Amino acid sequence: MPAAVKPGKILLAAVDDDPDLLALVSLALGSEPDLELLTFTDPLEGLEVIRQRRPHIVLVDLVMPGLSGMDVLERVVQIDPATDVILMTAHYTTESAVESIKKGACDYLNKPFTSDQLRRRIAPLIAAAKRRQRAQQLDREMLEACRFEGIVGRNPMMHEVFARIQRAAPYFRTVLITGATGTGKELVARAIHRLSPGAAGPFAVCNCAAIPENLVESELFGHVRGAFTSATSDKAGIFEAAHGGTLFLDEIGEMPVTAQAKLLRAVDNREVQRIGSTALRKVDVRIICATNRNLQKEVEMKNFREDLFFRISMLEIRLPPLAERREDLPLLVRHFVDRFAVKYAKTVSGITRRAEAAIMRHPWTGNVRELENVIGYACMMTDSTRIDACDLPPNFPAGSNVAATGPVELISLAELERSHAQRILNAVGGDKLRAAEILGISRATLYRLLQARAGVEQE
């Protein structure tokens, strides 16, 4: 596993077949307190380390045996479009300079150069990289500020969920949690339990959708020996197992109507009666129900008892789908990267802008659970310190996930690229560096797209 960049350090890699030039780079930049310097005379070796460690800045000679500086530039941009690449050459031509900028280089340095000249060209790149590091640190601080009982969110709807949990937990007897599959209903249930007076008691989970209809009553309330053919011994139901704590009835909308009447009595009186017994047993239990169905519609369709619905829905907590809280995506990605990096004992510290762009384009119909699975897979598969787009699952759609909602607009691919670049730029408030990183292209390419769009509009 590659070594991570030292905290607070900017990593710079220099690739040149001339050892004297590398010695000059080391002399000029070696004393920079914020810089960690790597030098390579072999471009293939340099590329492998660049792929592993993802430096912030790369200096590369234009003319080298075996692999040209243009080839190195193209591969570095493929590895991470956010890397600042400076080409160095003693054979300057306008054509090569223009080509290098088009391919993603941020600067072009003529040889020979002095130590002072090199430091002046590198200084603004170091400053920009430090700002990006600071932004990443702020992201981590934001994650800590937006984490509540293991749930992550800064969306106003999620803040309302957090507030409801805090207000209800000390007093509730019954709560209904609604939301699409994968939105985190069990996480919310566990948070309510932890903040409740019964936190020291058990948290018993019953998946109503997984119990065969003929066993629902036995699973919920228990049975005595001989109550039916296979009842060879007494068995306590899950209500009794949750005594003194919380019972979580997951997917309660799947429960058969025939079992709902008996559940109603238990919810009303906190009393259960084992199958085959005449004795009533008191249980001190708080009940949390969850469903991905619209129970009001289920009541209208006679699939769910109205009286039971009113009993369990006095307090309802609705969880929004991930599509309604897309601003939480970066926080959730950071949360899952940190979790799986610890779980798999890897030094994964984040994701590339290219991977971020793919994640931001995805519709996430499977909600937070789908995102968790994608990041978990990527953390497992990556051999770098940052997850790239190639580390995402093979079936992860790269760009065909935006459904058409109207007639197809007949425009050229070039105009589509220009329009999309302008939309991203507007979305980030005109920050061209951020827009280029999200788009997965160099700033020079972004400038070219925008200039082309300006030319089209003037026509």
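Rules used in this analysis
- Residues numbered from 1 in each chain as written.
- Predicted model: local features only at pLDDT ≥ 70, side-chain atom pairs only at ≥ 80, totals over all residues.
- Heavy atoms only, no water.
- Helix = DSSP H or I, 4+ residues; strand = E, 2+ residues; numbered from the N terminus.
- Buried < 20%, exposed > 50% of the residue type's maximum accessible area, 1.4 Å probe, protein only.
- Contact = heavy atoms within 4.5 Å.
- Areas by Shrake-Rupley, 256 points an atom, 1.4 Å probe, with all protein chains shown as cover.
- Pairing = 2+ DSSP bridges.
- Right-handed = clockwise from strand over helix to strand, strands pointing away.
- Axes fitted to C-alpha atoms, helices over the stretch in contact; angles between N-to-C directions.
- Arc of directions from axis to C-beta.
- Polar contact = N/O pair within 3.5 Å; in protein donor to acceptor, adjacent residues only side chain to side chain.
- Core = buried A, V, L, I, M, F, W, Y, C linked by side-chain atoms within 4.5 Å.
- Expected span 1.5 Å × (residues − 1).
- Salt bridge = Lys/Arg side-chain N within 4 Å of Asp/Glu carboxyl O.
- Parallel < 35°, antiparallel > 145°, perpendicular 65-115°, else oblique.
- Left-handed = near helix turned anticlockwise from the far one by under 90°.
- Nonpolar A, V, L, I, M, F, W, Y, C, P; charged D, E, K, R; others polar.

(A) Seen up close, the overall build of the protein chain. Across its full length, the protein chain carries 18 helices and 18 strands. Principal-axis analysis of the C-alpha atoms places the extent of the protein chain at approximately 95 × 50 × 40 Å. Within the protein chain, the fraction of its 459 residues that count as buried is 48%. Within the protein chain, contacts between residues at least 6 apart in sequence are counted, and of these 70% link residues at least 24 apart. When the accessible surface of the protein chain is totalled, it reaches about 22400 Å², and 53% of it is carbon and sulfur.

(B) Broad picture of the pairing of strand β1 (residues 10-15). For β1, the tally of buried residues reaches six of six residues, placing the bulk of the element in the interior. A two-sided burial pattern is seen for β1, the buried positions comprising Ile10, Leu12 and Ala14 on one face and Leu11, Ala13 and Val15 on the other. The pairing of β1 with strand β2 (residues 35-40) spans six bridges and is classified as parallel. The residue bridging Leu11 from the neighbouring strand is Glu36, located in β2. Chirality of the crossover, the property in question, places the unit of β1, helix α1 (residues 19-29) and β2 among those that are right-handed. Alignment of β1 against strand β3 (residues 57-61), held across four bridges, turns out to be parallel. For Leu12, the partnering residue across the bridge sits in β3 and is Ile57.

(C) Here's a closer look at the sheet that holds β3. Strands sit in the order β2-β1-β3-β4-β5 across an open sheet of five strands; the sheet is parallel. For this open sheet the edge positions go to β2 and β5 (107-110), each flanked by a neighbour on one side alone. Mean inter-strand twist for the sheet, computed between neighbouring axes without regard to direction, equals 20°. Helix α2 (residues 43-53) contacts β1, β2 and β3 of the sheet and is inclined by roughly 145° relative to β2.

(D) A look at the sheet that holds strand β16 (residues 316-318). As summarised here, the arrangement of the five strands in space is β9-β12-β15-β8-β16, forming an open sheet in which the pairing is parallel. Lying at the two open borders of the sheet, with one neighbouring strand each, are β9 (203-207) and β16. Looking at each pair of strands side by side, their axes are set apart by 20° on average, direction ignored. When strand β12 (residues 246-250) meets strand β15 (residues 286-291), the two strands line up parallel, connected through four bridges. Counterpart to Phe248 in the pairing with β15 is Ile288.

(E) α1, seen in detail. Taken as a whole, α1 has its buried residues at Leu21, Leu22, Val25, Ala28 and Leu29. Seen end-on, α1 carries its buried residues on one side only, within an arc spanning 125°. More than 90 degrees from the buried face of α1, the exposed residues found are Pro19, Asp20 and Leu27. If you follow the buried residues of α1, they end up packed against β1, β2, β3, β4 (84-89) and α5 (115-145). One side-chain oxygen at the N-terminal end of α1 lies 3.0 Å from the backbone nitrogen of Asp20; it belongs to Asp18.

(F) Quick look at the nonpolar core. Within the largest apolar cluster, 31 residues are counted, with the highest numbers of intra-cluster contacts made by Leu220, Phe239, Leu247 and Leu249. Of all the elements in the fold, those that place two or more residues in this core are β9, α8 (216-221), α9 (238-241), β12, α10 (257-269), β15, α11 (295-300) and α12 (306-312). By residue number, the principal contributor to this core is α10, which donates five residues. In contact with Leu247, not counting residues within four places along its chain, are Ala204, Cys206, Ile238, Phe239, Ala242, Val285, Arg286, Ile287 and Ile288.

(G) Broad picture of helix α6 (residues 156-168). The end-to-end C-alpha distance of α6 is 18 Å, a good match for the 18 Å that 13 residues give at a rise of 1.5 Å each. Among the residues of α6, Met158, Val161, Phe162, Ile165 and Ala168 are the ones counted as buried. What you see down the axis of α6 is that its buried residues fit within an arc of 145°, all on one side. In α6, the exposed positions angled more than 90 degrees off the buried face are occupied by Pro156 and Arg167. Buried residues along α6 sit in contact with β6 (147-148), β7 (151-152), α7 (185-194) and β16. The residue sitting at the N-terminus of α6 and contributing the capping side-chain oxygen is Asn155; that oxygen lies 2.7 Å from the backbone nitrogen of Met157.

(H) Here's a closer look at the pattern of salt bridges. According to the stated counting rule, one finds 36 salt bridges in the structure shown. One salt bridge in this structure joins Arg167 and Glu160, with 3.4 Å as the shortest N-O distance. Classification of Glu160 by relative accessible area gives partly exposed; the value is 36%. As a salt-bridge pair, Arg334 and Asp338 come within 3.6 Å of each other at their nearest N and O atoms. On the criterion of helical spacing, the pair formed by Arg334 and Asp338 is a turn pair, its members being four residues apart in helix α13 (residues 329-343).

(I) How the structure looks around the packing of α2 against helix α3 (residues 69-79). In the contact formed by α2 and α3, the axes pass within 10 Å of each other and the chain directions differ by 15°. Relative to α3, α2 is oriented roughly parallel. In terms of crossing hand, the pair formed by α2 and α3 is right-handed. For the pair α2 and α3, the contacting residues are Pro43, Leu44, Leu47, Ile50 and Arg51 in the first and Val72, Arg75, Val76 and Ile79 in the second. Of the residues contributing to the contact of α2 with α3, the split by class is seven nonpolar, no polar and two charged.

(J) View of the side chain of His335. Tracing the backbone through its elements, the reader meets His335 in helix α13. Look past the residues within four positions of His335 in its chain and what remains in contact with it is Leu143, Arg147, Gly150 and Val152.

(K) A look at the environment of Leu125. With respect to the helices and strands, Leu125 occurs in helix α5. Along the backbone, Leu125 and Gly8 are 117 residues apart, and their C-alpha atoms lie at a distance of 15 Å. Apart from residues lying up to four places away in sequence, Leu125 is in contact with Ile57, Asp84, Ile86 and Cys106.

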